[in-house]
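# Coordinate inspection notes
This is what each chain is made of:
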Amino acid sequence: MTGTHGRRRRRPTGVARLVAALTARRAVVAVAAVVAVVGAVIVPPPPVTTAAWTDSERTYGLVGTTRFTCGTDTGYAAAASSRFVRGSLAGTDLDTVAAVRGADLTRTRSGVVTAAPASPAPTTDAGGTTTFRNPLSASAGSGLVGLDLTGLGTNLPAGSAGALNQFTRVAPTGTAAAAAGLVSDSGGLGVTPTTPASSLPGPARIGLTSVLPASTALDRADLTVGAVASTATLDGCRALESRIWGDGSVTGVTRDYGIAGLALELHSPAVAGLSGQVSSTVTSLNTAAAGLTGVNGTISRTVRDGVLATVNGLTNLLSLGGVTGSVTLTGLALQSAVDPVLAGSVTSTDGTVTITPSTGVVSVDLATLVGQPGGLNGLAPNTELVLSAAAMASITTTVGSMLDGLTQRVVAALQSAVSAAQLSVALTVTLRATVLGVPVDVLAVDVAMGGTLGQLLASPSTATAVVTTRVLSGALSTLLGNVLNPLLAALTGSAGSLLASVATLVRSTLVTPVTTLGSTLSTTLAPVLTALGTLTTRLPSVLSLRVNLRPDQAGYPGGVVTGVPPDKWTTVPYQVGALRVALSAGATTVTSLDLATSRVGPVSTVPR
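Residues numbered from 1 in each chain as written. Predicted model: local features only at pLDDT ≥ 70, side-chain atom pairs only at ≥ 80, totals over all residues. Heavy atoms only, no water.

## Considerations on the nonpolar core
Core analysis: the largest hydrophobic core is formed by 137 residues, its most contacted members being L223, I299 and L543. Ranked by residue count, the leading element in this core is helix α12 (residues 495-542), at 18 residues. Aside from chain neighbours lying at most four places away, what touches I299 is L292, V327, L423, V425, V502, L505 and V506. F132, V170, A178 and L234 belong to the second largest nonpolar core, which has 24 residues in total. (Core = buried A, V, L, I, M, F, W, Y, C linked by side-chain atoms within 4.5 Å. Buried < 20%, exposed > 50% of the residue type's maximum accessible area, 1.4 Å probe, protein only. Helix = DSSP H or I, 4+ residues; strand = E, 2+ residues; numbered from the N terminus. Contact = heavy atoms within 4.5 Å.)

Structure (structure tokens):
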């Protein structure tokens with residue numbers, strides 16, 4: 001037979017039989033080993049207990065055993081950075097300005113710590129946690145045009161670490177912390193919605209004049225920023241544990257921010273000049289009031305002329321012999337009446353606008369005007385404060401109403417002071433006749449008036465006025481004959497007309513100038529409203545404001561900045577900024593300042 005099937009099978013040799021036997025035996029042993037392993041796997045589990053196991057040791061198939069005991073494990077690398085002010089200012093990169101340098105702190109896994117700047121030196125405690133503080137001086141921005149931080153150095157609360165504090169901390173256990181602004185020396189936030197105004201410093205100023213229309217009526221425009229702060233902490237161990245063994249939902253990061261206030265502050269020479277204008281009018285009124293009094297004053301002359309007019313209406317035989325007595329005006333306190341109106345501040349009913357006449361400052365509370373009901377704190381990440389046309393127009397309307405009200409209060413204060421002054425007239429007008437070529441005093445007319453100027457000026461007047469006559473010579477009866485009795489009656493009855501003449505004089509001397517002052521002030525302030533309307537119309541196109549800046553979240557200017565860690569053993573960095581102010585001239589951003597920025601991470605370890 002030919003082919004494979006036709007061949008006779010050979011019996012195995014001795015050696016072959018030995019090999020086959022050994023192979024079969026190994027297979028049995030292998031199966032037994034497998035059965036043993038399977039048997040070990042299917043052993044029933046021990047009974048469930050109520051013991052609390054906190055050991056987070058895990059077994060990871062590809063890398064071996066990785067152990068996470070957060071808070072105890074060491075050997076992590078970490079970084080933290082804080083900066084009170086960063087960005088660019090009128091072409092100056094603030095990263096290059098040593099005076100406003102932040103506080104950067106890094107730690108390697110082997111424990112090498114680096115701080116920038118090198119001074120002041122960081123401190124490390126017994127557990128290896130390093131803290132670095134580099135607070136700024138309030139005069140740090142003195143050489144930066146358009147930025148004034150000095151206000152933040154005033155009115156600091158007792159025990160405060162300063163409104164320009166910069167704090168960082170890293171630990172070998174994989175935690176990092178950063179804080180900037182009004183924070184404590186331990187990194188705690190010092191600006192919250194409940195922080196009282198008495199515990200807050202003054203504001204910083206950012207100049208807006210360079211990007212707004214020039215005006216002599218409003219010669220300065222600033223954005224004033226109250227105390228700001230931000231804090232960020234990162235537990236890198238928890239974040240890495242969640243990524244490697246969990247669903248990655250635990251980021252380990254906590255961020256917060258605070259802004260004490262935000263306002264638009266304008267300076268008006270015209271508003272500042274109100275006090276001078278009013279004081280000048282007061283001086284003129286006091287001079288005019290002095291001219292009313294005395295036996296030779298204008299009230300005395302008015303009374304004298306009135307008496308003579310009555311006499312001359314009946315006879316031309318009598319002439320003026322002289323006027324004696326007194327005219328006094330007391331209690332005319334004009335300056336003290338207007339001082340309270342001009343010395344303090346006036347705030348609108350909704351709290352958005354405050355005007356201080358003594359300094360000429362008009363302040364608009366943007367936090368109230370464009371913020372949320374709770375103010376500027378607690379807003380969503382990257383919230384933009386929208387300077388709407390309606391909100392801006394309301395500023396002009398409110399300021400106009402307030403300036404009108406201020407003018408009216410000045411006028412009312414002066415009018416009230418004039419009305420309260422007390423007038424007292426006690427005059428004697430002596431009339432004489434020529435008898436046989438010799439002048440002889442023959443009749444005395446006594447005129448008495450009293451009351452406040454308010455009573456005098458009332459319609460009808462409620463001031464008192466009495467005219468009495470005294471015949472000084474018997475020759476009068478012979479001289480005047482039948483005219484005597486009508487003359488005496490006419491003089492006695494002239495009290496009302498004399499009072500009216502004095503009232504007219506006082507009104508033209510003291511009241512009309514006050515009314516004229518009101519019109520003058522309104523005319524003076526009109527250009528302020530025109531300039532304010534132009535400025536507020538322009539403001540939304542040149543000023544951008546955002547709070548709670550977080551680059552890794554939606555709405556961040558320029559787009560979300562996503563960080564991709566190089567490996568699963570490294571976290572991404574996280575950042576928060578309290579406030580960003582951007583100023584634009586046309587299509588060019590000339591200033592972009594981030595205030596109170598805190599950054600933590602990355603934190604990394606090695607496979608274990």
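## A closer look at the pattern of salt bridges
A complete count under the given rule lists 13 salt bridges for this structure. Here D95 makes a salt bridge to R83, at a shortest N to O gap of 2.8 Å. Pair noted here: D95 is in the loop between β4 (92-93) and β5 (103-107) and R83 is in strand β3 (residues 78-89), with a separation of twelve residues, a long-range link. The closest approach of N and O atoms between R546 and E384, which form a salt bridge, is 3.5 Å. With R546 in strand β25 (residues 543-549) and E384 in strand β21 (residues 383-384), the pair connects residues that are 162 residues apart, well separated along the chain. Judged by its relative accessible area of 17%, R546 is buried. On the basis of relative accessibility, which here comes to 40%, the residue E384 falls in the partly exposed class. Within the structure, one salt-bridge network assembled from shared partners comprises R205, R220, D222 and E265. (Salt bridge = Lys/Arg side-chain N within 4 Å of Asp/Glu carboxyl O.)

## Describing helix α2 (residues 236-245)
In terms of burial, α2 is largely enclosed, as seven of its ten residues are buried. Residues G236, C237, A239, L240, E241, S242 and I244 constitute the buried set of α2. Here the buried face of α2 lies against β14 (228-235). Between the side-chain oxygen of the N-cap and the backbone nitrogen of C237 there are 3.3 Å, and the N-cap of α2 in question is D235. (Polar contact = N/O pair within 3.5 Å; in protein donor to acceptor, adjacent residues only side chain to side chain.)

## What to know about the state of the cysteines
Under the defined criterion, the tally for this structure stands at one disulfide. Disulfide pairing is shown between C70 and C237; the S-S distance is 2.1 Å. Given an S-S torsion of about -85 degrees, the disulfide between C70 and C237 has left-handed geometry. Placement of C70 in the loop between β2 (64-67) and β3 and of C237 in helix α2 is noted, with a sequence separation of 167 residues between them. A residue is classified by how much of its surface remains accessible, and C70, at 15% relative accessible area, is buried. By relative accessible area, C237 is classed as buried at 0%. (Disulfide = S-S within 2.5 Å.)

## Overview of the sheet that holds strand β22 (residues 422-435)
If you walk across this open sheet you meet the four strands as β17-β22-β23-β24, and the pairing is antiparallel. If you trace the sheet from one side to the other, it starts and ends with β17 (319-330) and β24 (464-471), each paired once. Across the sheet, the mean angle from the axis of one strand to that of its neighbour is 10 degrees, orientation sign disregarded. Strands in contact with helix α5 (residues 298-312) are β17, β22 and β23 (438-452); relative to β22, the strand with the most contacts, it is inclined by about 40 degrees. (Pairing = 2+ DSSP bridges. Axes fitted to C-alpha atoms, helices over the stretch in contact; angles between N-to-C directions.)

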